[in-house]
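Fold and contact review
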Amino acid sequence: MQVIPVPCLSDNYAYLVAQGRQAAVVDPSQADPVLRAIDEHRLKLTEIWLTHHHWDHVGGIEPLIEECPIAHVRGSRYDADHQRIPRQTDALSDGDSFEFGDATVDILEIPGHTLGAIAFITEGNLFSGDTLFIAGCGRVFEGTMEMMSQSLSKLRSLPPDTKVWCGHEYTVNNLRFAKTVEPDNQEIDRALEEAIETREANRFTVPGALERELATNPFLRFDDPNVAAGQDAVASFTAIRQAKDQF
Ligand code: ZN
Ligand code: FE
């Protein structure tokens, strides 16, 4: 399995997931960059996977269906029930899985950013949409803070060697914020230095390593005694998320 990031819009990532010549695309906000990448890598696009319904993740669906032999448009049961992913064919719930080529893809419901947010997990790759970013998390739009903290707790219990492919390139800013939460955390300093170099070289900070996220991401560390400082887990998460909203 090969994962190819496709930068879209100003800071979105779509991803091609290739199994031999067959490919799925995760969160295509636009069609053109995806079509170019498919051409370049000589792939055949047969599936579209959506982590949630926001326009900057689903905008490419219709034009991709025009151009490619798309057999499945997969999103959550919640988004299917609310008919808010264009041309959705498959409705996925927590614990569901499906086959893609010879790989199994597992689904986790991770509500909070939206109520229909899901993660796709396959062969050690996590497509986390706008729930888990490198060193950050998405804004809590539709869910509650408790819900979002539980979704992130679900993701942090995946194997530590999981590769994190997230919906946006926000890493440098996220690490600057992380530094304000834990000024003495040297893992954050190292990660920030690397992320700045990576971006200056016009490279991507994805995939992140879940193991490093556990050591640096304040939204996975909210209940660590050093971060929570005596608050209960949800109160600590809420304080960090609200501080980030103002950052
Ligand atoms: Zn979103
Ligand atoms: Fe987004």
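Below, the structure is looked at part by part. (Residues numbered from 1 in each chain as written. Chains lettered and ligands numbered in written order. Predicted model: local features only at pLDDT ≥ 70, side-chain atom pairs only at ≥ 80, totals over all residues. Heavy atoms only, no water.)

**Brief notes about the coordination of the zinc ion (ligand 1)**
The protein atoms donating to the zinc ion (ligand 1) are His-52 (NE2), His-54 (ND1), His-113 (NE2) and Asp-130 (OD), with metal-donor distances spanning 2.1 to 2.4 Å. Each donor residue of the zinc ion (ligand 1) belongs to the same chain, and together they define the spacing H-x1-H-x58-H-x16-D. Between the zinc ion (ligand 1) and the iron ion (ligand 2), a separation of 3.3 Å is found, and both are coordinated by Asp-130. Placement of His-54 in the loop between β4 (44-49) and α2 (55-58) and of Asp-130 in the loop between β10 (125-129) and β11 (132-133) is noted, with a sequence separation of 76 residues between them. (Donors = N, O, S within 2.8 Å, 3.2 Å for Na, K, Ca; no water. Helix = DSSP H or I, 4+ residues; strand = E, 2+ residues; numbered from the N terminus.)

**Focus on the sheet that holds strand β14 (residues 208-209)**
Pairing within the open sheet is mixed, and its six strands lie in the order β7-β8-β9-β10-β13-β14. With partners counted over all chains shown, the strands left at the sheet margins are β7 (97-100) and β14, one partner each. Of the strand pairs in this sheet, β10 and strand β13 (residues 163-166) are connected by four bridges, and their pairing is parallel. The residue bridging Gly-129 from the neighbouring strand is Cys-166, located in β13. (Pairing = 2+ DSSP bridges.)

**Let's talk about the pattern of salt bridges**
With the rule as written, the count across this model stands at 15 salt bridges. Across the pair Arg-241 and Asp-245 runs a salt bridge, and its minimum N-O distance is 2.7 Å. With Arg-241 and Asp-245 both in helix α10 (residues 233-246), this residue pair falls four residues apart, about one helical turn. Arg-241 sits in the buried class, given a relative accessible area of 2%. (Salt bridge = Lys/Arg side-chain N within 4 Å of Asp/Glu carboxyl O. Buried < 20%, exposed > 50% of the residue type's maximum accessible area, 1.4 Å probe, protein only.)

**Here's the deal with the side chain of Thr-51**
Residue position: Thr-51 is located in the loop between β4 and α2. Residue class for Thr-51 comes out buried when judged on its relative accessible area of 2%. A distance of 3.0 Å separates polar atoms of two side chains, one belonging to Thr-51 and the other to His-52. Residues contacting Thr-51, with those up to four places away along its chain left out, are Val-26, Asp-27, His-57, Gly-116, Ala-117, Ile-118, Phe-120, Phe-127 and Gly-129. (Polar contact = N/O pair within 3.5 Å; in protein donor to acceptor, adjacent residues only side chain to side chain. Contact = heavy atoms within 4.5 Å.)

**Quick word on the pairing of β10**
When you tally the buried positions in β10, you get five out of five residues, the bulk of the element. Along β10, one buried face is formed by Asn-125, Phe-127 and Gly-129 and the opposite face, lined by Leu-126 and Ser-128, is buried too. Sheet analysis places strand β9 (residues 118-122) next to β10, joined by three bridges and oriented antiparallel. In the sheet register, Thr-122 faces β10, and the bridge partner there is Asn-125. The hairpin turn running from β9 into β10, its antiparallel successor, is two residues long, and Glu-123 in that turn takes a positive phi close to 45°.

**Comments concerning the packing of aromatic side chains**
Summed over the entire model, instances satisfying the criterion amount to 14 aromatic pairs. Site record: aromatic cluster; members linked through ring pairs are Tyr-13, Tyr-15, Phe-127, Trp-165 and Phe-204. When the ring centre of Phe-98 is taken as origin, the NZ or CZ atom of Arg-74, which lies over that ring, is 3.7 Å away. (Phe/Tyr/Trp six-rings, centres within 6.5 Å; stacked < 30°, edge-to-face > 60°. Lys NZ or Arg CZ within 6 Å of the ring centre and 35° of its normal.)

**Comments concerning the coordination of the iron ion (ligand 2)**
For the iron ion (ligand 2), every protein donor is listed as Asp-56 (OD), His-57 (NE2), Asp-130 (OD) and His-168 (NE2), and the spread of their distances is 2.1 to 2.3 Å. Angles of 86 to 168° at the metal separate the four donor atoms of the iron ion (ligand 2), which places the site in the irregular class. Read in sequence order, the donor residues for the iron ion (ligand 2) give the motif D-H-x72-D-x37-H. (Tetrahedral: all angles 85-135°; square planar, octahedral: opposite > 155°, others 65-115°.)

**Considering the packing of helix α5 (residues 145-156) against α10**
A pair of packed helices is characterised by two quantities: the angle between their axes and the separation of those axes. The N-to-C vectors of α5 and α10 enclose an angle of 100°; their axes lie 9 Å apart at closest approach. Relative to α10, the element α5 lies roughly perpendicular. Residues Met-145, Glu-146, Met-148, Ser-149 and Leu-152 of α5 form the contact with α10, whose own contacting residues are Val-234, Phe-237, Thr-238, Arg-241 and Gln-242. For the contact of α5 with α10, the class distribution of residues is five nonpolar, three polar and two charged. (Axes fitted to C-alpha atoms, helices over the stretch in contact; angles between N-to-C directions. Parallel < 35°, antiparallel > 145°, perpendicular 65-115°, else oblique. Nonpolar A, V, L, I, M, F, W, Y, C, P; charged D, E, K, R; others polar.)

**Considerations on the pairing of β4**
Taking burial as the measure, the six residues of β4 include five buried ones, the bulk of the element. Following the backbone out of strand β3 (residues 22-26), through helix α1 (residues 32-40) and into the adjacent parallel β4, one traces a crossover that is right-handed. Pairing of β4 with strand β5 (residues 72-76) involves three bridges; the strand directions are parallel. Residue pairing across strands places Glu-47 opposite His-72, the latter belonging to β5. (Right-handed = clockwise from strand over helix to strand, strands pointing away.)

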